[in-house]
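Coordinate inspection notes
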Amino acid sequence: MPLVGHQHQIEIQELTDKGDGKGRLFDRPLFVEGLLPGEQALVELTEVKPNYLHGKVTELLQPSADRVADFCPNTECGGCQVRPLAYPAQLKLKQALVQSALEQVGLGDSKVNPILGMESPFAYRNKAQYAVRGCEAGAEIGFYRKHSHDLITADDCAVQDPLHMALNARVRNWMREHDIAAYDEVNHTGCVRNLMTRKGFKSGELMVVLVTLGEALPFEVELLAALSDLPITTLVQNINDERTNRILGASNRVLLGEGVIRDKIHELEFEISPLSFFQNNPTQTDVLYSSALEYAELTGNETVFDIYCGIGTISLFLAGKAAKVVGIESVESAISDARRNAALNGIEHTEFHVGKAEQLMPELHAQGVTADVVVLDPPRKGCDKAVLQTLVAMAPRRLVYVSCNPQTLARDLAWLVKQGFVLDEVQPVDMFPHSMHVEAVARLSLPAKG
């Protein structure tokens, strides 16, 4: 009988989607953080449930040949779940995740290309978000411990730009020196809630966003002085007065610069505001969007729909080789960004619509609007059924599906294949090294009738 505190020798068979090792003990699944497939370890049980067990490693008896030294001092944040796994093995694992998801829905014979990874999988994130909370020494800035709202200090992070760490230290010192209250989420009091930074990959422009509970920002002049020798392009105060886990509020106050930064993907220039969605790994964004453009097979004569278009990054990629691009996005500020970015690049043959795709798609189709090629880039939950049904009715020659979740990608692809589309191939892309996340681009075509 399994008992909390007892130790057992186990072997790990696989990793869960959270990156935990999974073995079996007493005919139940046993989950252990930090173990890799094939490893044997002495494990102490920490939780015993009728259908599963949790444990912690007390001694690693047989390490995997793919185990590498841990590069991270912030081991409790949970961000880089598979950092002990050598990068080539990470890529192999992610390739298998995509293949397995397709097999589970009967698409196991589909062509899955080798995953496209990074040459150097460190310091790749152009955006960092930190929580600000109080401690005995004063304000502290860092990440949340995994599965909690307990703060752990983040003085170093191998996947962030080193400049983010310097900014952390400056803001923390400014708060401590002037006794500025950190946010207390229990009592909903304090001043500074979060710190967010964005750095342009090609432009090098730097945005700093200080999220506050209210409009008051004490010692503002001193903050500007504390950051004056850093290469900051713009400094923004974002006001979020709600009891919420959402980091950013709707209101911004620009303290320095224009409130935006600019960056490039390929030769396209994008203006990025604090509220803009922009991919966190610019190097692999180029790879991902280039794959989508290649799969679209545009000749210059097509009308293209970009569903879930965000700030228009993929739309503008496509516009260079299409007759017309129609973007749909439910977030109004993102559509404003998309229109502004189209104008910034002198692209006139795009139009952007605000609204839910599951509502707008059927409406546009009913009005006789159609597309030769459709690109989909939905959230993790995948496409709404109304969107997929409209695609079948619209019958575009090609579909390009960009996904951040192999399970929902496979589910939607299987449904489309049953409706007559042919899945040509799938290209996995590693956007977030050392995590369990994997992106993929799928190309589907509709055979000509008759």
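Calculation criteria
Residues numbered from 1 in each chain as written. Predicted model: local features only at pLDDT ≥ 70, side-chain atom pairs only at ≥ 80, totals over all residues. Heavy atoms only, no water. Core = buried A, V, L, I, M, F, W, Y, C linked by side-chain atoms within 4.5 Å. Buried < 20%, exposed > 50% of the residue type's maximum accessible area, 1.4 Å probe, protein only. Contact = heavy atoms within 4.5 Å. Pairing = 2+ DSSP bridges. Helix = DSSP H or I, 4+ residues; strand = E, 2+ residues; numbered from the N terminus. Axes fitted to C-alpha atoms, helices over the stretch in contact; angles between N-to-C directions. UniProt positions renumbered as here; feature names shortened; annotations may be inferred. Polar contact = N/O pair within 3.5 Å; in protein donor to acceptor, adjacent residues only side chain to side chain. 1 Å grid on protein atoms, 1.4 Å probe; cavity = no way out; pocket = protein on both sides within 12 Å on 5 of 7 lines; lining within 4 Å. Points joined across faces, edges and corners; volume = space filled by probe spheres on them. Expected span 1.5 Å × (residues − 1).

Time to look at the nonpolar core. Of all hydrophobic cores here, the largest spans 117 residues; its most connected members are W174, M175, F305, I307, L318, V374 and L413. The residues contacting L413, other than those within four sequence positions of it, are L102, L107, Y401, L423, A442 and L444.

Within the open sheet, the 7 strands sit side by side as β18-β17-β16-β19-β20-β22-β21. Their pairing is mixed. Two strands in the sheet have a free side with no partner beyond their single neighbour: β18 (350–354) and β21 (422–429). Taking each pair of neighbouring strands and ignoring which way they run, the sheet shows an average axis angle of 15°. With 6 bridges connecting them, strand β20 (residues 398–403) and strand β22 (residues 439–445) associate as antiparallel partners. The residue of β22 that forms the bridge with S403 is A440. Along the sheet, helix α6 (residues 332–344) makes contact with β17 (324–329) and β18, crossing β18 at roughly 170°.

Quick look at the UniProt feature "active site" (unreviewed entry) in the protein now. Those places that UniProt annotates as "active site" (unreviewed entry) correspond, in this numbering, to C404. Tracing the backbone through its elements, the reader meets C404 in the loop between β20 and α9 (406–418). Residue C404 is classed as partly exposed on the basis of its relative accessible area of 22%. Ignoring any residue separated from it by four or fewer positions in sequence, one finds C404 in contact with P379, R380, V438 and E439.

On to the sheet that holds strand β1 (residues 7–11), then. Reading across the sheet, the 6 strands line up as β1-β5-β6-β4-β3-β2 and stay open at both edges, with mixed pairing between neighbours. Here the strands that pair on one side only, and so sit at the sheet edges, are β1 and β2 (14–15). In this sheet, strand β3 (residues 21–25) lies alongside β2 in antiparallel orientation, the contact comprising 2 bridges. Residue pairing across strands places E14 opposite K22, the latter belonging to β3.

Following the sequence through the fold, S273 ends up in the loop between β15 (268–272) and α4 (282–296). Judged by its relative accessible area of 14%, S273 is buried. Residues S273 and D66, spaced 207 residues apart in sequence, show a C-alpha to C-alpha distance of 41 Å. In terms of polar contacts, S273 uses its side chain to reach the side chain of S276, at 2.8 Å.

On to empty space enclosed by the protein. Applying the stated criterion across every chain yields a total of 1 cavity of 30 Å³ or more. Approximately 30 Å³ is the volume attributed to the largest cavity. For the lining of the largest cavity, the secondary-structure elements that each account for two or more residues are β10 (192–199) and β14 (261–265).

What follows deals with α9. Counted at 1.5 Å a residue, the expected span for α9 with its 13 residues is 18 Å, and the 18 Å between its end C-alpha atoms agrees. Of the residues making up α9, those classed as buried are P406, T408, L409, A410, D412, L413, A414, W415 and L416. In the core, the buried residues of α9 are packed alongside α1 (87–104), α8 (385–394), β20, β21 and β22. Measuring from the side-chain oxygen of the N-cap residue of α9 to the backbone nitrogen of Q407 gives 3.0 Å; that N-cap residue is N405. Once α9 finishes, G420 follows within two positions and takes phi at roughly 115°, a positive value.

Moving on to the side chain of N405. With respect to the secondary-structure elements, N405 resides in the loop between β20 and α9. For N405, the side chain forms a polar contact with the main-chain nitrogen of Q407, separated by 3.0 Å. When near neighbours in sequence (up to four residues on either side) are disregarded, N405 contacts R380 and V438.

Turning our attention to the side chain of D161. Here D161 lies in the loop between β9 (151–153) and α2 (162–177). A distance of 2.8 Å separates a polar atom in the side chain of D161 from the backbone nitrogen of L163. Not counting the four nearest positions on each side in its chain, D161 is found in contact with R125 and K199.

We now examine the pairing of β15. The side chains of a regular strand alternate, first on one face of the sheet and then on the other. With 4 of its 5 residues buried, β15 lies for the most part within the structure. Relative to β15, β14 runs antiparallel, the two sharing 5 bridges. What sits directly across from I261, in β15, is I272. With antiparallel pairing between neighbouring strands as the criterion, β14 and β15 make up a hairpin whose turn holds 2 residues, including H266 at a positive phi of roughly 55°.

For the rest of this paragraph, the subject is the UniProt feature "binding site: S-adenosyl-L-methionine" (unreviewed entry) in the protein. Listed under "binding site: S-adenosyl-L-methionine" (unreviewed entry) in the UniProt record, and renumbered for this structure, are Q279, Y308, E329 and D377. Here Q279 is to be found in the loop between β15 and α4. Using a relative accessible area of 8% as the deciding quantity, one classes Q279 as buried. With sequence-adjacent residues up to four places away left out, Q279 is seen in contact with N126, T285, L288, Y289 and M431. For D377, the location among the structural elements is in the loop between β19 (373–376) and α8. A relative accessible area of 17% places D377 in the buried class. Apart from the residues lying within four places of it in its own chain, the contact partners of D377 are I307, Y308, I314 and V402.

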